[in-house]
Amino acid sequence: MRDQIIAGLDSPAELERLYRKNKAEFRQHFEAVYGEYQDRPIMQFWQERLHYAAPEITWGSEKDLKFVVLAAVIAGLLAKLPAITGIAEEFFYPRNIAFLTFPFLILFFALKNNLSKVKIAILTGITAASLLYINLLPGDLQSDTLVLACIHLPLLLWGALGISFTGDDLRDFRKQLDFLSFNGDLLVMCAMLVLAGIMLTGVTLGLFGLIGLQIAEFYFENVVIFSLPAVPILATLLVQTNPGLVNKVSPVIAKIFSPVVLVMLLIYLGAIAYSGKEPYTDRDFLILFNLLLIGVLALIFFSVAKEDRLGPTKYILFPLSLVTILVNGIALSAIIYRIAEWGFTPNRLAVLGGNILILVHLFMVSSSIFKSLRDKNHSVEVGRSIVRYLPVYFVWIIIVVYLFPFIFGFK
């Protein structure tokens, strides 16, 4: 190894190959070689590379940390409002769960990006109007329009978060892709924090159980409910201040799961035909079918958002997008069949509109991926095809949240 290092002093690629071949042996012999050739720039470079101390996890500026701590405390208190004030849980949580985290994340990025007072006022107005509207909306959880509004309202606030995240670069598609990428990283970080919380909960309950104290009910009603809204807030800070913490994990997950999901979908479609189960008359099956569709669509989006050039990934994403179009076609035909048989309802119209929008989007994305198979320089257009369609979803969400209740008489 020592002789190979010396022989490769004029070939950076050879030194890199030796390092990747056996890192431990390379480090061992490099120290001996460095003393003889330390005046060579390439040796100085490798000296710094091999002895570079990676920074520890940082918590950002003092201002950011104070904001996150305060936001987490306020969010926890808001989550406890039913217990504090006596508001019915079945009324409070479905309508307000999105407001436990999104307003704080929107404000976090608004301050971080130094948004103008006008933009902050607009975002504040959107959030406040949504909060007032959803809590004044008549009906209970038996009302389809109320349930639809509660389901789509977090997506509306997610759109407002995207505006806050992109700041003054709202029309920059790369910044929009960064937002999608941020969401992937945020999900990974939230999952890690939740797993850590589950482990802590198990240890805590076990230790108190050993001394005869059963605190499970108290713990879940106070500690867990208080802490859960803080998870995405804390995760956002960690992702923003430690970009290297998970931004290499998310693409690996996407690359692993993309081929796995493709195979699973093909097997699943075959299993549907074999089992005789179909979404045309089975409502629950149709719901799960659409959730599957949304999950696969999100996987495709996050896979593209993580790479400027798709590389080999596109050979998996293209057939995956085609299979997803087939799944969407089945779901769309099922909802059309149900409407033809039993007429329009708020749920059926919402699913119909959502499926049509997704189908159009999938055709756009798959077309861009297909073009990138022939022209690698077209890869950047795949990202454009994803983000330039997002405002269409945003408009549909506004219609479902704000117009459906009035169109269908709050039924």
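Look up: the structure comes first, before these words.
About the cut-offs
- Residues numbered from 1 in each chain as written.
- Predicted model: local features only at pLDDT ≥ 70, side-chain atom pairs only at ≥ 80, totals over all residues.
- Heavy atoms only, no water.
- Helix = DSSP H or I, 4+ residues; strand = E, 2+ residues; numbered from the N terminus.
- Contact = heavy atoms within 4.5 Å.
- 1 Å grid on protein atoms, 1.4 Å probe; cavity = no way out; pocket = protein on both sides within 12 Å on 5 of 7 lines; lining within 4 Å.
- Points joined across faces, edges and corners; volume = space filled by probe spheres on them.
- Nonpolar A, V, L, I, M, F, W, Y, C, P; charged D, E, K, R; others polar.
- Buried < 20%, exposed > 50% of the residue type's maximum accessible area, 1.4 Å probe, protein only.
- Axes fitted to C-alpha atoms, helices over the stretch in contact; angles between N-to-C directions.
- Left-handed = near helix turned anticlockwise from the far one by under 90°.
- Phe/Tyr/Trp six-rings, centres within 6.5 Å; stacked < 30°, edge-to-face > 60°.

J.: Help me understand the side chain of Arg95 in this model?
T.: Mapping Arg95 onto the fold places it in helix H7 (residues 89-96). Dropping the residues within four chain positions of it, Arg95 is found in contact with Ile134, Asn135, Leu137, Pro138, Gly139, Leu146, Cys150 and Leu153.

J.: Could you clarify how one ought to interpret empty space enclosed by the protein in this entry?
T.: Any space left empty among the atoms is revealed by the rolling of a water-sized probe across them. Overall, the coordinates contain two cavities of 30 Å³ or more when judged by the stated rule. Counted as a void, the second largest cavity has a volume near 30 Å³. In terms of lining residues, the second largest cavity is bounded by Phe67, Val68, Phe104, Leu105, Phe108, Ile233, Thr236 and Leu237. Counting residues per element, the ones that place at least two in the lining of the second largest cavity are helix H5 (62-79), helix H8 (102-112) and helix H13 (230-241). Residue composition of the lining of the second largest cavity, by class: seven nonpolar, one polar and no charged.

J.: Explain the side chain of Asn96 to me, please; I cannot follow it from the model alone.
T.: In this fold, Asn96 is placed in helix H7. On the basis of relative accessibility, which here comes to 5%, the residue Asn96 falls in the buried class. Contact partners of Asn96, with chain neighbours within four places excluded, come to Phe91, Leu131 and Asn135.

J.: I'm lost on unusual backbone geometry in this one. Help?
T.: Excluding glycine, most residues fall at negative phi; most peptide bonds, likewise, are trans. The phi angle at Asn114 is positive, at roughly 55°, despite the residue not being glycine. In this structure Asn114 comes out as exposed when scored by relative accessible area, which is 63%. Residues other than glycine seldom take positive phi values, yet Phe410 does so here, at roughly 60°.

J.: Help me understand the packing of helix H10 (residues 144-166) against helix H19 (residues 390-407) in this model?
T.: Between two packed helices, both the angle of their axes relative to each other and the distance between the axes serve to describe the pair. Look at H10 against H19: their axes get within 9 Å of each other, and the N-to-C directions meet at 145°. In this structure, H10 crosses over H19, and the sense of that crossing is left-handed. Each of Thr145, Leu148, Ala149, His152, Leu153, Leu155, Leu156, Gly159 and Ala160 in H10 lies in contact with H19, whose residues at this interface are Phe394, Ile397, Ile398, Val400, Val401, Tyr402, Phe404 and Pro405. Within the contact of H10 with H19, the residues separate by chemical class into 14 nonpolar, three polar and no charged.

J.: Is there a simple way to explain the packing of aromatic side chains in this structure?
T.: Here the distance between the centres and the angle between the planes together describe a pair of aromatic rings. The final tally for this structure, using the stated rule, is 23 aromatic pairs. Relative to Phe179, the ring of Trp158 has its centre 5.3 Å away and its plane inclined at 35°; by these criteria the two rings are tilted. Taken together, the residues span a long stretch of sequence, with Trp158 in helix H10 and Phe179 in helix H11 (residues 173-210) at a distance of 21 residues. Using a relative accessible area of 6% as the deciding quantity, one classes Phe179 as buried. Taken together, Phe67, Phe108, Phe109, Trp158, Phe165, Phe179 and Phe182 form an aromatic cluster joined through their ring pairs.

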